[in-house]
Amino acid sequence: MSETPVFTSDLLKGKKGIIFGVANKRSIAWGIAQALANHGAQLAFTYQGDRLKESVQDLASTLTQPSPLYPCDVTKDDDIKNVFEQLGREFGSLQFLVHCVAYAKKEDLAGKTLDTSRDGFHLAQDVSAYSLIALAKAAEPFLEKEGGSIVALTYLGSEKVIPHYNVMGLAKASLESSIRYLASDLGKKNIRVNGVSAGPVNTLAARGISGFTTMLENHRNRAPLGRNVEIEEVANTALFLLSPLSSGITGEILYVDCGYRIMGA
Ligand code: NAP
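Residues numbered from 1 in each chain as written. Predicted model: local features only at pLDDT ≥ 70, side-chain atom pairs only at ≥ 80, totals over all residues. Heavy atoms only, no water.

Please explain the overall build of the protein as it appears in this structure.
Per the secondary structure count, the protein includes 8 helices and 7 strands. Computed over its C-alpha atoms, the radius of gyration of the protein comes to 17 Å, within 12% of the 18 Å expected for a compact globule of 265 residues. Over its C-alpha atoms, taken along the principal directions, the protein stretches across nearly 50 × 40 × 40 Å. The burial tally for the protein puts 51% of its 265 residues in the buried class. (Helix = DSSP H or I, 4+ residues; strand = E, 2+ residues; numbered from the N terminus. Rg over C-alpha atoms; globule rule 2.2 N^0.38 Å. Buried < 20%, exposed > 50% of the residue type's maximum accessible area, 1.4 Å probe, protein only.)

Put into structure tokens, the structure is as follows:
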């Protein structure tokens, strides 16, 4: 059970956002959704394919404000276009966007990076990194009306070698660089773009990484706080970056990892 207290306020009352990447109740995206809703935001969600529709629908129905749902495979430009056409009709303007989407072939999250196939590389980059650029572009007309904030989820494997993270580390490096370039492109429109680098959290995507339990254990043993991060802590940091409390921050990666990254040994 989580030790993190639940905070509530009207900080985001009247603000609207869209969240990409809820698969189930363990998803980091769902943790972020709950934090945002606890501070008054109205949310829209996307799901990838009918397989996930019911699960996302059930979760969204627990929120007090109506939450539109749209299908979206982020590798399909038409899906992205449809999402924002519908969102434009239902929400008009938008104040934030949350990107919690990543995918790589299971065989590329085991063994050596040296064995990564061309296909596997493209797929991981397309779903996990290019998608941020495509979504930011599609969201820009809605975010620029009042200024807005975009947050994407990343991981330390972008800058350090983490066993088995492999092709996803390359994709996260690309995602983090995209965050900086997009922040530069969109800053004049008062649209901020930041990343949250979370320590390992036991989710569906994480369980696809070979040896994930060892990752959790190493993290716990080495992090200054002596434990794994809680999803609510990741969510509260995303909330901060999506809210006006962080109005002077853009192009940054904030680490929510119980201090793991600062350790040399
Ligand atoms: P998750 O619940 O499995 O979420 C990943 C989401 O990405 C799922 O909803 C998944 O849908 C979606 N997705 C994959 N391919 C897609 C596509 N082509 N189009 C649209 N959506 C697609 O796992 P999570 O751990 O919360 O992951 C959320 C984000 O946090 C990811 O960017 C991940 O890299 C990042 N992160 C996770 C950790 C961790 O330890 N868990 C740590 C740091 C950062 P499907 O289920 O249909 O594939």
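What am I meant to see in the site of the ligand here?
Looking at the ligand, there are 28 residues lining it, with Ser27, Gln48, Arg51, Val201 and Thr203 nearest. Here isoleucine 28 contributes a backbone N or O atom positioned 2.8 Å from an oxygen atom of the ligand. The contact in question runs from an oxygen atom of the ligand to an N or O atom on the side chain of arginine 51, over 2.6 Å. Applying the majority rule of atoms within 2 Å of the grid points places the ligand in the largest pocket. Of all the secondary structure elements, the ones that give two or more residues to the shell around the ligand are helix 2 (50–60), strand 5 (148–154) and helix 6 (204–207). When residues in the shell around the ligand are grouped by element, the largest group, 3 residues, is from helix 6. Classifying every residue of the shell around the ligand by side-chain character gives 19 nonpolar, 6 polar and 3 charged. (Near = heavy atom within 4 Å. Polar contact = N/O pair within 3.5 Å; in protein donor to acceptor, adjacent residues only side chain to side chain. 1 Å grid on protein atoms, 1.4 Å probe; cavity = no way out; pocket = protein on both sides within 12 Å on 5 of 7 lines; lining within 4 Å. Sits in = over half its atoms within 2 Å of the grid points. Nonpolar A, V, L, I, M, F, W, Y, C, P; charged D, E, K, R; others polar.)

It is not clear to me how the pattern of salt bridges should be interpreted in this structure. Could you clarify?
Opposite charge on two side chains allows them to pair when their charged atoms are near. For the coordinates displayed, the defined rule picks out 6 salt bridges. A salt bridge links glutamate 85 to lysine 81, with the nearest nitrogen and oxygen atoms 3.7 Å apart. In this pair, glutamate 85 and lysine 81 are both assigned in helix 3 (residues 77–91), 4 residues apart and thus about one turn of the helix distant. Overall, glutamate 85 belongs to the partly exposed group, its relative accessible area being 37%. With its nearest N and O atoms 2.6 Å apart, the salt bridge here joins glutamate 140 to lysine 189. (Salt bridge = Lys/Arg side-chain N within 4 Å of Asp/Glu carboxyl O.)

Looking at this structure, how should I read the layout of surface pockets?
Any space left empty among the atoms is revealed by the rolling of a water-sized probe across them. Roughly 1,200 Å³ of volume is contained in the largest pocket. Forming the walls of the largest pocket are 43 residues, and the residues nearest its centre are Cys100, Val101, Ala102, Tyr103 and Ala205. Of all the secondary structure elements, the ones that give two or more residues to the lining of the largest pocket are helix 1 (28–38), strand 2 (42–47), helix 2, strand 5, helix 5 (166–186), helix 6 and helix 7 (212–222). The element best represented in the lining of the largest pocket is helix 6, accounting for 3 residues. (Points joined across faces, edges and corners; volume = space filled by probe spheres on them.)

How should the environment of serine 55 be read in this particular structure?
Considering the arrangement of structural elements, one finds serine 55 in helix 2. A relative accessible area of 24% means that serine 55 is categorised as partly exposed. Considering only alpha carbons, one finds serine 55 and lysine 25, 30 residues apart in sequence, at a separation of 8.3 Å.

What is the right way to look at the sheet that holds strand 1 (residues 16–20) in this model?
Strand pairs in the sheet, formed through backbone hydrogen bonds, run parallel or antiparallel to each other. Strand order in the open sheet formed by 7 strands is 3-2-1-4-5-6-7, and the pairing between neighbours is parallel. Strands at the two margins of the open sheet, each flanked by one partner only, are strand 3 (69–71) and strand 7 (253–256). Pairs of neighbouring strands in the sheet enclose a mean axial angle of 20°, with direction left out of account. Contacts from helix 1 reach strand 1, strand 2, strand 4 (96–99) and strand 5 within the one sheet, and its direction differs from that of strand 2 by about 165°. Contacting strand 2 and strand 3, helix 2 crosses the sheet at an angle of about 160° to strand 2. (Pairing = 2+ DSSP bridges. Axes fitted to C-alpha atoms, helices over the stretch in contact; angles between N-to-C directions. Contact = heavy atoms within 4.5 Å.)

How should I be thinking about the packing of helix 1 against helix 8 (residues 231–242) in this particular structure?
If you want to describe how two helices pack, look at the angle between their axes and the distance between the axes. One way to put it is that helix 1 packs onto helix 8 with a least axis distance of 8 Å and a crossing angle of 60°. Compared by their axis directions, helix 1 and helix 8 come out oblique. Seen along the crossing, helix 1 lies across helix 8 with a hand that is right-handed. The segment helix 1 lies against helix 8, with Ile28, Gly31, Ile32, Ala35 and Leu36 engaging Ile231, Val234, Ala235, Asn236, Ala238, Leu239 and Leu242. Split into classes, the residues belonging to the contact of helix 1 with helix 8 amount to 10 nonpolar, 2 polar and no charged. (Parallel < 35°, antiparallel > 145°, perpendicular 65-115°, else oblique. Left-handed = near helix turned anticlockwise from the far one by under 90°.)

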